[in-house]
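Given next are the chains, with one letter for each unit.
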Amino acid sequence: MEASLGIQMDEPMAFSPQRDRFQAEGSSKKNEQNFKLAGVKKDIEKLYEAVPQLSNVFKIKDKIGEGTFSSVYLATAQLQVGPEEKIALKHLIPTSHPIRIAAELQCLTVAGGQDNVMGVKYCFRKNDHVVIAMPYLEHESFLDILNSLSFQEVREYMFNLFKALKRIHQFGIVHRDVKPSNFLYNRRLKKYALVDFGLAQGTHDTKIELLKFVQSEAQQERCSQNKSHIITGNKIPLSGPVPKELDQQSTTKASVKRPYTNAQIQIKQGKDGKLMKQSKTVDVLSRKLATKKKAISTKVMNSGVMRKTASSCPASLTCDCYATDKVCSICLSRRQQVAPRAGTPGFRAPEVLTKCPNQTTAIDMWSAGVIFLSLLSGRYPFYKASDDLTALAQIMTIRGSRETIQAAKTFGKSILCSKEVPAQDLRKLCERLRGMDSNTPKLTSDVQGHASHQPAISEKTDHKASHLIQTPPGQYSGNSLKKGDSNSCEHCFDEYNTNLEGWNEVPDEAYDLLDKLLDLNPASRITAEEALWHPFFKDMSL
Ligand code: ADP
Ligand code: MG
């Protein structure tokens, strides 16, 4: 767009309205930048104030990440010997629960520092402010490099992701938020790091002690709703050894909280005895995947198998709305089933979306599969959904409605779906989205014109993937690896820019692995260890 306007403006009129507009746009961009810089400066000052001991060790240079639960800064440290070192400082929001923070730290200290899992250098605390200092890994923006990665780089990326997942799964850590922004990739150095254990949970036999104390928000809700003091599974009793110092810290300030612990819930409940949240039963109202056209609507229920243990809802499935896309009053009065569901909707596994209470490390493998789907199709994000049922319907459009329903049965969920959609052939789908099938022009240097930033499947698009691929080219935002961008590798983009080699002969093994990662049934889904041994990686060594 801008390029063609540029040509028209070869000989601009002195007071061309176009030029005025560009100048205005330019200066407003500059203002915006200045405003942002001032904001970052202020945040840095505030951080020094909150944790003064930081100034003895670090020079904080920039803010490199901001999420709901933390802000991450780039700092340098002048250590006694050797050159200046770059450090990432993660400042957790002061309302994070102390056990949650301690568990995140323990994941980094026990499992981190090896096999592409981020490690930790120091941790600072003053009052309720905690800052985790980690080695800094300069990294790429996934979206910016997506369509310039060679096929070999994709193989290496996935191999290294599985290496990290194998490591954390061995420690009984379920990461729960595997996505590109939590898997840092430095293309030039071929370095990788899995970060952000802020949502991690433990398996029943986790080796991370503090993860035994952590439970999801949903589980807290369940405790709260049940008003029960009975704790099941691997959860600790109220009298469990909550680290004293941690437990004394205030966590009651703000409304944003990461999932915390039984201890906290029960204490809370003891205080006011109120329900923490209204039951979100309306969630089961059918959601439309497409806009106004008739599309898939889904409804998830516990099947008879699960109901006995998981819910105290009326036992009959044959209520007024069974097999319709309405929700009757019986269903509206059912107690909401709660299960861990933290993470990002587009990366959530079917068992997470359907609130299956028994979730395992397999949920991280599904998320890895969604990343692989993006890499093979050149589309990111692949799924974009604002709620779980829409996300589930989107999965059905790729994996098939019958297959999804069938798999859900194995983990005790009954899904009703208004329309049957077939499973898609993964190779054909990815090739179409990449513009490499015989019906679309062959891959050329024009590939970067693909709208890689358009989700392959969004709520605004029809559920038929064959309709989804017709996003017009020419909207790719291009290379943002600019000098001065602290999140980028300054030198490494151009040399890779046109490296498209390997894409015209993607082996069947790639799609076989993708199929095994996107296995709808968590019990048979491939593990990280098995993935590393998959023939797709036959010439790669650990
Ligand atoms: P959050 O819990 O807020 O998502 P993360 O730990 O995921 O926090 O960090 C947010 C962002 O900060 C990451 O996506 C990454 O861009 C950057 N970041 C985090 N840790 C590091 C690190 N060790 N080195 C470089 N950048 C990092
Ligand atoms: Mg993160």
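Just so you know, these numbers come straight off a predicted model, no measurement behind them. (Residues numbered from 1 in each chain as written. Chains lettered and ligands numbered in written order. Predicted model: local features only at pLDDT ≥ 70, side-chain atom pairs only at ≥ 80, totals over all residues. Heavy atoms only, no water.)

1. What about the overall build of the protein?
Next up, step 1: Helices and strands together make up the secondary structure of the protein, namely 19 helices and 13 strands.
Next up, step 2: Buried positions account for 54% of the 542 residues belonging to the protein.
Next up, step 3: Of the contacts formed within the protein by residues at least 6 apart in sequence, a portion of 69% connects residues at least 24 apart. (Helix = DSSP H or I, 4+ residues; strand = E, 2+ residues; numbered from the N terminus. Buried < 20%, exposed > 50% of the residue type's maximum accessible area, 1.4 Å probe, protein only. Contact = heavy atoms within 4.5 Å.)

2. Some words on the pattern of salt bridges
Next up, step 1: Within this structure, the stated rule accounts for 20 salt bridges.
Next up, step 2: Glutamate 104 is the salt-bridge partner of lysine 90, the closest N and O atoms lying 2.8 Å from each other. Linking lysine 90 in strand β3 (residues 85-92) with glutamate 104 in helix α4 (residues 98-111), this pair joins segments that are 14 residues apart in sequence.
Next up, step 3: A relative accessible area of 4% places glutamate 104 in the buried class.
Next up, step 4: A salt bridge links aspartate 539 to arginine 155; the shortest N-O distance between them is 2.8 Å. Here aspartate 539, found in the segment after α19 (528-532), pairs with arginine 155, found in helix α6 (residues 151-170); they are 384 residues apart in sequence, far enough to count as distant. (Salt bridge = Lys/Arg side-chain N within 4 Å of Asp/Glu carboxyl O.)

3. Re helix α16 (residues 426-434)
Next up, step 1: Of all the residues in α16, the buried ones are Leu426, Leu429, Cys430, Arg432, Leu433 and Arg434.
Next up, step 2: N-cap assignment for α16: the residue whose side-chain oxygen lies 3.0 Å from the backbone N of arginine 427 is aspartate 425.
Next up, step 3: One or two residues past the end of α16 sits glycine 435, with phi positive at roughly 80°. (Polar contact = N/O pair within 3.5 Å; in protein donor to acceptor, adjacent residues only side chain to side chain.)

4. Some details on the packing of α16 against helix α18 (residues 508-517)
Next up, step 1: Direction vectors running N to C along α16 and α18 enclose 110°, while the axes themselves pass 9 Å from each other. The angle between α16 and α18 places the two elements in the roughly perpendicular class. Between α16 and α18, the contacting residues are Leu426, Arg427, Cys430 and Glu431 on the first element and Asp508, Tyr511, Leu514 and Asp515 on the second.
Next up, step 2: Among the residues making up the contact of α16 with α18, the classes are represented as 4 nonpolar, no polar and 4 charged. (Axes fitted to C-alpha atoms, helices over the stretch in contact; angles between N-to-C directions. Parallel < 35°, antiparallel > 145°, perpendicular 65-115°, else oblique. Nonpolar A, V, L, I, M, F, W, Y, C, P; charged D, E, K, R; others polar.)

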